[in-house]
Amino acid sequence: DGVIGYKNQNQWRAAPHTDFALLTLLFQKVGEEGLQCAQRHHTKEVTESHPLGWQPVPPLDGAITVNIGDMLQRWSSDKLVSNLHRVVMPTGEDAKKSRYSMAFFLQPDDSTIIESEKYETVTALQMIQGRVRAYWPTAEEDRGETMENTGKGN
């Protein structure tokens, strides 16, 4: 196991991530495991000697898994925590099986104001756009360009 605690670190059904919106309702099918949530170290930094632990979240009949999203963490001034999670790639015979789940992502209208005691006030749209850019920067951002310094802006 490495720092992220999985021997095939570059093979995922869904790589480690947090959800962007307020919250996620996840409906999983019993018998199709793979979802794992990170176990947070409250006193240690994640290093080679103290790897991030992962807790399986097995599907239960009739259960709905609820994930707090980044937006709700910000809105609550970190009182509610957006959990890091992943879906691991199965091995052996299980690798031939499909995994089906259905997610419902709840988020407010784009113009909703997200105010917090801890963070700068933003709209819901600004929050989502910021998270998207953090995960998937544009080619221009990768080269250090912006709309203004390329002449493409207003």
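Residues numbered from 1 in each chain as written. Predicted model: local features only at pLDDT ≥ 70, side-chain atom pairs only at ≥ 80, totals over all residues. Heavy atoms only, no water.

**Things to note about the layout of surface pockets**
Gaps left between atoms show up when a probe the size of a water molecule is rolled over them. Considering only enclosed or pocket space, the largest pocket measures out at about 270 Å³ in volume. Along the walls of the largest pocket sit 17 residues, with Gly31, Glu32, Glu33, Gly34 and Pro90 positioned nearest its centre. Residues of the lining of the largest pocket, tallied by class, amount to seven nonpolar, four polar and six charged. Taken as a whole, the second largest pocket holds about 210 Å³ of empty space. Secondary-structure elements contributing two or more residues to the lining of the second largest pocket are strand E1 (12–17), strand E2 (23–28), strand E6 (85–88) and strand E7 (101–106). Counted by class, the lining of the second largest pocket contains six nonpolar, five polar and three charged residues. (1 Å grid on protein atoms, 1.4 Å probe; cavity = no way out; pocket = protein on both sides within 12 Å on 5 of 7 lines; lining within 4 Å. Points joined across faces, edges and corners; volume = space filled by probe spheres on them. Nonpolar A, V, L, I, M, F, W, Y, C, P; charged D, E, K, R; others polar. Helix = DSSP H or I, 4+ residues; strand = E, 2+ residues; numbered from the N terminus.)

**Here's the deal with the sheet that holds E1**
In spatial order, the strands read E1-E6-E3-E4; together these four strands make up an open sheet with antiparallel pairing. Each edge of the sheet is formed by a strand with only one pairing partner; in this case those strands are E1 and strand E4 (53–56). For this sheet, the mean inter-axis angle between neighbouring strands, taken without regard to orientation, is 30°. Here strand E3 (residues 35–39) runs beside E6; their pairing, made up of three bridges, is antiparallel. Within E6, the residue paired with Gln36 across the bridge is Arg86. (Pairing = 2+ DSSP bridges. Axes fitted to C-alpha atoms, helices over the stretch in contact; angles between N-to-C directions.)

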